[in-house]
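# Coordinate analysis (summary)
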Protein chains: 2
Amino acid sequence: MERTRQLAGTIRESDVERAVILKGWVQKRRDLGGLIFIDLRDRSGVVQTVFSPAQSEDALKIAESIRSEYVVEIHGQVVKRQAGTVNDKMDTGTIEVLVSDVTILNEAKNPPFTVLDGAEISEDVRLKYRYLDLRRESMQETFKLRHKASQVMRQFLNDEGYLEMETPMLTKSTPEGARDYLVPSRVHEGHFYALPQSPQLFKQLIMVSGFERYFQFARCFRDEDLRADRQPEFTQIDIETSFMTSDEIMAMTEQMMVKLMKEVKGVDIETPLPRISYDDAMNRFGSDKPDTRFGLELVDLSELVKDAGFKVFSDAVEGGGKVSAINVSQQAAAFSRKDIDKLTEFVKIYGAKGLAWLKVEDEGIKGPIAKFFTEAASNAIVQSMDAKPGDLLVFVADKTQVVHDSLGALRQKLAKELDLIDQSLFNFLWVTDWPLLEYDEDHGRYFAAHHPFTLPVEEDLEKLTSDPANVKAAAYDIVLNGFELGGGSLRIYKKELQERMFEVLGFTKEEAQEQFEFLMQALEYGAPPHGGIALGFDRLVMLLAGKTNLRDTILFPKTASASDPLTNAPGTVSEAQLDELHLQLKKSKGM
Amino acid sequence: MERTRQLAGTIRESDVERAVILKGWVQKRRDLGGLIFIDLRDRSGVVQTVFSPAQSEDALKIAESIRSEYVVEIHGQVVKRQAGTVNDKMDTGTIEVLVSDVTILNEAKNPPFTVLDGAEISEDVRLKYRYLDLRRESMQETFKLRHKASQVMRQFLNDEGYLEMETPMLTKSTPEGARDYLVPSRVHEGHFYALPQSPQLFKQLIMVSGFERYFQFARCFRDEDLRADRQPEFTQIDIETSFMTSDEIMAMTEQMMVKLMKEVKGVDIETPLPRISYDDAMNRFGSDKPDTRFGLELVDLSELVKDAGFKVFSDAVEGGGKVSAINVSQQAAAFSRKDIDKLTEFVKIYGAKGLAWLKVEDEGIKGPIAKFFTEAASNAIVQSMDAKPGDLLVFVADKTQVVHDSLGALRQKLAKELDLIDQSLFNFLWVTDWPLLEYDEDHGRYFAAHHPFTLPVEEDLEKLTSDPANVKAAAYDIVLNGFELGGGSLRIYKKELQERMFEVLGFTKEEAQEQFEFLMQALEYGAPPHGGIALGFDRLVMLLAGKTNLRDTILFPKTASASDPLTNAPGTVSEAQLDELHLQLKKSKGM
């Protein structure tokens, strides 16, 4: 429906001699021997255009005034490039357009940075001039990929009978979970809406409504202190279904991933995806989102070393902790004491008191702690670690969580530094058998590990009151290359069980009733067994596009202080606006 | 991926003798001669199941305890119904399922209303128990249609090279337009985000970013006093494109509507759609969104009657107003004086001082004002109105806007009462040639008729300062059956023109700079000519589904006071939450 225009990046040798009309941006202008060359860019790519006195004196004259990023309309004819000037790197590299007419549609000031990939630009400047930043090829490609990924998944879900449905953004604040963004009501004095942290309760209500299969690309909001990989608003692919088992929901998700990876990346994913229990993931990788593209697995040596005579190790095990080790294969020679000291400093960030180490040589183990072990014990360690001469073994003996956190992080660090990660791999896996509850020492009560609506597994139901710490959840997380892509669970669908769950979480009956009245009521009117999954769309795009920063996958992102250097949001508002909302500013202490 | 389950509504005679597993809701239970019949409903429809002592005593016993809206799993065998019991109204009416086993998955209290279409239920109750309301067949169908419409349009836009992109929800408050919903910032004391009224400026920035073709199913927010057809949050199909003319954008939109109507309604729409100028729409229909499914057009008689001797008419015309009339064909006999008095009361709502009328008889015009016209004048009126004996003519003489508003509304009212509207029609049309600006007497300045970024038509550019009232906009609205489906325009893409526009709107240079700095800056760095359109998705679904209330097309809507009886949003929040946001409540006067 732009009948006369040709897209720059689509012109080929077969178009030679055709008259074309191009519209786009000036990527680059070069003056050469009385001719002017302009690389013209539009959404499809770039083509070289040539202004010559022989073709048009007028056009040439105009071309002299044209600068980078001007918007122009060019009329011309496609010609073959001369042999020596062919550019193999361009799709349009064998042709150029001889210009007969040019119109400047809009001028452009000299941009604060060149609109080319590879330029080093501070993030603040990139965000302030986001409209220029987004013109760069890698950004254009990322958002084309984002579009395509969303269409592929929508098509898949549509084919499977899921309905795309929209839940409200102006909802009610709930106390569990992260901090809500609030929206003051003008009509209801002193009352506030909350922006949704996820459509969790609404998607459960959709199941109670009998739609059975729902999805949404849902905008979600969390007013948290930001880290590099967090944004105040983010998009999740939200899926909920009735009457399906965990296995069926996981299988459906896998099929969606297969289709996505094939159509967007041309990569074949084998299914079923590997599954690992939460406990195994922690024991073997020190992480609930293990990156399995490399080895360096943790080995639990607690049983082996607890009576071996090295007090630091046996004390850790006796105190309820553990001892684990990583075999840094064939790196004994590469790591000096100084190098190992650095690793020790690193694990201390995670609370470890130290990092013990051994080097394996032909004659046996060597290192400061070698003397504490009998030959039998040292042989057992070597065998358990599958160690060979030349290997470096590193140990942490501590509380279980510290061992997992520190060695899990060390594993990642070593893999990066030793370049052990095959970047072409897409290692998906499921983490299953999650604990339902986590005890919080500070609050002296249990919190839901996922959320308070997660269904406990059938066989642990009786332990819910007597032994809450050991109840497993019917929950599953999907992990890609060490990132949590998303998670899901079956949900509680009987009122009595939901009431017991709130009790375990320390809610009084009145609190539960007041805050979740509508859910409790809905569960009484024929709620089907249901469950679902939510995938982080921004992160998924980040991983597919090979990016390392979420901000590169969000069109207009916020900075780490939740502001937008482009529009200067958030901003001040008028007194009259606040009056209408029945609010006034409160000066903070000391002001 | 639910390998063992069969959907209730899909069972046919070809399935007879098959063993099936069904899961769903109990629509109805009937006990009859020792047998129990349960109509089982799932997302696909309804099937009749039969419990008999011969088949299973156990199942029959359980069935006795089953009530409406229980969730059950049924195992059974498909059998042909006996000749006399076939139900032609059901897709599954020739078969039934003989039950061998039943499990109650969840119980249900007796619902506050039956989950069947046609039940009269107050809207508050419907919204409080929305999850039951949504189980009704007509609601299920509406949201299936909504899903399908969104997929069809997405597919169309994808095929045309448009990228689906997400713009921020946490944006900056802008002074023009409706009232913003505000979101206080925790990090930036005294600062607020605003929820977007539309992604207008962001989609323009996307064009400056060089993506050329963008769309989004965008959630938008307006904190207005609600009417029946308004919601605080709504969804618009937001489309923007670079380098296209108005005609090209309209043609693209038409093709999308053709595809939508064909695939969702099976209706063929002829294109190009009719176009009518804003002035013609007002003169002929008294409305900028004319319903052309019926006649009753307004006829402008000003020229004809201004010197005809009837002072009320000539005064109106001389005072700068007009006289228009509607021919209510062949209704002279049906309308008593009392009926006409009622019409007079009706037009007074719209500011009209009265409604003049004439009845056409074989001998000429009759009625209280007939005596004021010469035979020539009365003949001219009859001729202009294309009037025949038996017709009723009604007149309003007043200020132009009053004439249009009152006769426009009267036209709608008469069409409904006289049943003149063919409900099977889908009359799309474009309204074009809109005024760019509207003068506001109260504020003593011009306001943008659409928004301040609308491009004036080329030929009126010079009048922008000298004669702003007569500048036309490059804008177009699409209308369906008397509803505004959406509107669009080309946008200003040169900084100088945008500056002049802000001047005309009474902004100082500083105000314009401060509030729209990022837009003004973006226009300096190579902004392409661009434009777009936004369609109201909720309203489109309403019209396609044959509904009359927007709330029936939104999953979890708000009431007229912007609250949600289901979740009780908005709600109160804790002092601590307000503290973190640096806010306190302000008591309203008199409290």
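Everything numeric here is computed off the predicted structure, so don't read it as measured data. (Residues numbered from 1 in each chain as written. Chains lettered and ligands numbered in written order. Predicted model: local features only at pLDDT ≥ 70, side-chain atom pairs only at ≥ 80, totals over all residues. Heavy atoms only, no water.)

This next bit is on the relation of the copies chain A and chain B. It takes a turn of 180° to lay chain A on chain B, together with a shift of 0.0 Å along the axis; the resulting RMSD is 0.1 Å. The two molecules are tied by a two-fold rotation axis, judged by turn and shift. In terms of C-alpha distance to the rotation axis, chain A has A:Val183 as its closest residue, with the C-alpha 2.5 Å off the axis. (Least-squares fit on C-alpha atoms with pLDDT ≥ 70 in both.)

A separate point is the confidence of the model for chain A. Of all residues in chain A, 98% attain a pLDDT of 70 or more, and the chain-wide mean is 94. This complex was scored by the predictor with a pTM of 0.95 and an ipTM of 0.95. (pLDDT = per-residue confidence, 0-100.)

The next subject is the pairing of strand β3 (residues 45-51) of chain A. Residues and elements named next belong to chain A. Counting buried positions along β3 yields 5 of 7 residues, so the element is predominantly enclosed. Across 7 bridges, strand β2 (residues 35-42) lies against β3 in antiparallel orientation. Following the sheet pairing, Phe 37 is matched in β3 by Val 50. Turn length for the β2-β3 hairpin, with the two strands adjacent in sequence and antiparallel, is 2 residues. Across 2 bridges, β3 lies against strand β5 (residues 95-106) in parallel orientation. (Buried < 20%, exposed > 50% of the residue type's maximum accessible area, 1.4 Å probe, protein only. Helix = DSSP H or I, 4+ residues; strand = E, 2+ residues; numbered from the N terminus. Pairing = 2+ DSSP bridges.)

This part covers empty space enclosed by the protein. For the coordinates displayed, the defined rule picks out 6 cavities of 30 Å³ or more. One number sums up the size of the largest cavity: a volume of about 390 Å³. Together, 24 residues line the largest cavity, and A:Arg154, A:Glu164, A:Phe217, B:Arg154 and B:Phe217 are the ones closest to its centre. Classifying every residue of the lining of the largest cavity gives 9 nonpolar, 5 polar and 10 charged. (1 Å grid on protein atoms, 1.4 Å probe; cavity = no way out; pocket = protein on both sides within 12 Å on 5 of 7 lines; lining within 4 Å. Points joined across faces, edges and corners; volume = space filled by probe spheres on them. Nonpolar A, V, L, I, M, F, W, Y, C, P; charged D, E, K, R; others polar.)

What follows deals with the environment of B:Gln197. All names here are of chain B. Of note, Gln 197 is situated in the loop between β8 (192-194) and α5 (200-208). Expressed as a C-alpha distance, the spacing of Gln 197 and Lys 342, which sit 145 residues apart in the sequence, is 40 Å. Residues in contact with Gln 197, not counting those within four places in the same chain, are Gly 177, Ala 178, Arg 179, Asp 180, Cys 220, Phe 221, Arg 222 and Phe 234. Side-chain polar atoms of Gln 197 contact the backbone oxygen of Ala 178, separated by 2.5 Å. (Contact = heavy atoms within 4.5 Å. Polar contact = N/O pair within 3.5 Å; in protein donor to acceptor, adjacent residues only side chain to side chain.)

Our next topic: helix α11 (residues 375-384) of chain B. All names here are of chain B. Here α11 has its buried residues at Ala 377, Ser 378, Ile 381 and Val 382. Projected down its long axis, α11 shows its buried positions confined to an angular sector of 135°, all on one face. Across from the buried face of α11, at angles greater than 90 degrees, the exposed residues are Glu 375, Ala 376 and Gln 383. At its buried positions, α11 is contacted by α8 (302-305), β15 (364-366) and β16 (392-398). (Arc of directions from axis to C-beta.)

Turning our eyes to something else, we now look at the pattern of salt bridges. What the rule picks out here adds up to 100 salt bridges over all chains. For A:Glu224, the salt bridge identified is with A:Arg230, shortest N-O distance 3.1 Å. Residue classification places A:Glu224 among the partly exposed residues on the basis of a relative accessible area of 26%. Judged by relative accessible area, which is 30%, A:Arg230 ranks as partly exposed. Taking the shortest distance from any N to any O, the salt bridge between B:Lys366 and B:Glu361 comes out at 3.9 Å. Taking relative accessible area as the criterion, B:Lys366 reaches 36% and is therefore assigned partly exposed. A residue is classified by how much of its surface remains accessible, and B:Glu361, at 33% relative accessible area, is partly exposed. (Salt bridge = Lys/Arg side-chain N within 4 Å of Asp/Glu carboxyl O.)

All names here are of chain B. Tracing the backbone shows Asp 15 in the segment before β1 (19-32). Of the residues examined, Asp 15 reaches a relative accessible area of 9% and is grouped as buried. With residues near it in sequence (within four places) discarded, Asp 15 still touches Gln 6, Thr 10 and Val 78.

Let us now look at the interface of chain A and chain B. Counting residues at the interface gives 136 residues for chain A, matched by 136 residues for chain B. A combined buried area of about 11900 Å² lies between chain A and chain B, and 56% of that area is made up of carbon and sulfur atoms. The tally of links between chain A and chain B comes to 20 salt bridges. Ionic pairing is found between B:Arg219 and A:Glu166, a salt bridge with its closest N-O pair at 3.6 Å. Run the count over chain A and chain B and you get 61 residue pairs in polar contact (both at pLDDT 80 or more). With 12 residues, the top contributor of residues to the side of chain A that touches chain B is helix α4 (residues 137-159) of chain A. A per-class count over the side of chain A that touches chain B returns 62 nonpolar, 35 polar and 39 charged. Judged from the 3 bridges that link them, strand β23 (residues 583-585) of chain A and strand β23 (residues 583-585) of chain B form a sheet pairing that is antiparallel. Bridge pairing in β23(B) links A:Leu583 to B:Leu585. (Buried area = accessible area lost by both parts, 1.4 Å probe.)

The next thing to look at is the packing of aromatic side chains. Scanning all chains against the criterion turns up 44 aromatic pairs over all chains. Ring centres of A:Phe211 and B:Phe143 lie 6.1 Å apart, and the angle between their planes is 80°; on these two criteria the pair is classed as edge-to-face. Taken as a pair, A:Phe211 in the loop between α5 (200-208) and β9 (213-221) and B:Phe143 in helix α4 (residues 137-159) lie in two separate chains rather than in one. Here the aromatic rings of A:Tyr525 and B:Tyr129 are separated by 5.8 Å at their centres, their planes lie at 85°, and the arrangement is edge-to-face. Linking A:Tyr525 in the loop between α15 (509-522) and β22 (530-536) with B:Tyr129 in the loop between α2 (123-128) and α3 (130-133), this pair reaches from one chain into another. A:Tyr525 sits in the buried class, given a relative accessible area of 6%. The buried category is assigned to B:Tyr129, whose relative accessible area is 13%. Taken together, the ring pairs connect A:Phe310, A:Phe313, A:Phe372, A:Phe373 and A:Phe395 into an aromatic cluster. The cationic tip of A:Lys128 hangs over the ring face of A:Tyr129; the distance from NZ or CZ to the ring centre is 5.9 Å. The cationic tip of A:Arg154 hangs over the ring face of A:Phe217; the distance from NZ or CZ to the ring centre is 4.2 Å. (Phe/Tyr/Trp six-rings, centres within 6.5 Å; stacked < 30°, edge-to-face > 60°. Lys NZ or Arg CZ within 6 Å of the ring centre and 35° of its normal.)

All names here are of chain A. Tracing the chain through its elements places Asn 481 in the loop between β20 (475-480) and β21 (483-490). On the accessibility criterion, Asn 481 (9% relative accessible area) is buried. Here Leu 425 takes part through its backbone oxygen, which lies 3.1 Å from a polar atom of the side chain of Asn 481.

Residue and element names in this part refer to chain A. The sheet built from 8 strands is open, its strands ordered β6-β9-β10-β22-β21-β20-β17-β11 with mixed pairing. Bordering the open sheet on either side are β6 (163-164) and β11 (275-277), each of which pairs with just one other strand. One ladder, built from 5 bridges, connects strand β17 (residues 428-432) with β20; its direction is antiparallel. In the sheet register, Val 431 faces β20, and the bridge partner there is Asp 477. Across the sheet, α4 lies against β6, β9 and β10 (233-242), angled at about 150° from β9, the strand it touches most. In the packing of α5 onto the sheet, the strands contacted are β9, β10 and β22, and the crossing angle to β10 comes to about 25°. (Axes fitted to C-alpha atoms, helices over the stretch in contact; angles between N-to-C directions.)

Turning to the UniProt feature "binding site: L-aspartate" (unreviewed entry) in chain A, a few remarks are in order. Residues and elements named next belong to chain A. Within this structure's numbering, the places UniProt gives as "binding site: L-aspartate" (unreviewed entry) are Glu 176, Arg 222, His 450 and Arg 491. Along the chain, the position of His 450 falls in the loop between β19 (445-448) and α13 (463-466). By relative accessible area, which is 30% here, His 450 ends up partly exposed. If sequence neighbours within four positions are ignored, His 450 has contacts with Trp 434, Leu 436, Ala 475 and Asp 477. (UniProt positions renumbered as here; feature names shortened; annotations may be inferred.)

A separate point is the sheet that holds strand β14 (residues 356-361) of chain A. Residue and element names in this part refer to chain A. Taking strand neighbours across the sheet as the criterion, the 5 strands line up as β12-β13-β16-β14-β15 in an open arrangement whose pairing is antiparallel. The sheet terminates laterally at β12 (298-300) and β15 (364-366), the two strands that pair on one side only. Geometrically, the sheet is characterised by an average inter-axis angle of 30° between neighbouring strands, direction not taken into account. Judged from the 3 bridges that link them, β14 and β15 form a sheet pairing that is antiparallel. Within the sheet, the bridge partner assigned to Val 360 lies in β15 and is Ile 365. Across the sheet, helix α12 (residues 400-417) lies against β12, β13 (322-328) and β16 (392-398), angled at about 10° from β13, the strand it touches most.

On to the environment of A:Asp315, then. Residues and elements named next belong to chain A. Tracing the backbone through its elements, the reader meets Asp 315 in helix α9 (residues 311-318). Residue classification places Asp 315 among the partly exposed residues on the basis of a relative accessible area of 38%. Sequence spacing of Asp 315 and Pro 565 is 250 residues, and the spatial spacing of their C-alpha atoms is 53 Å.

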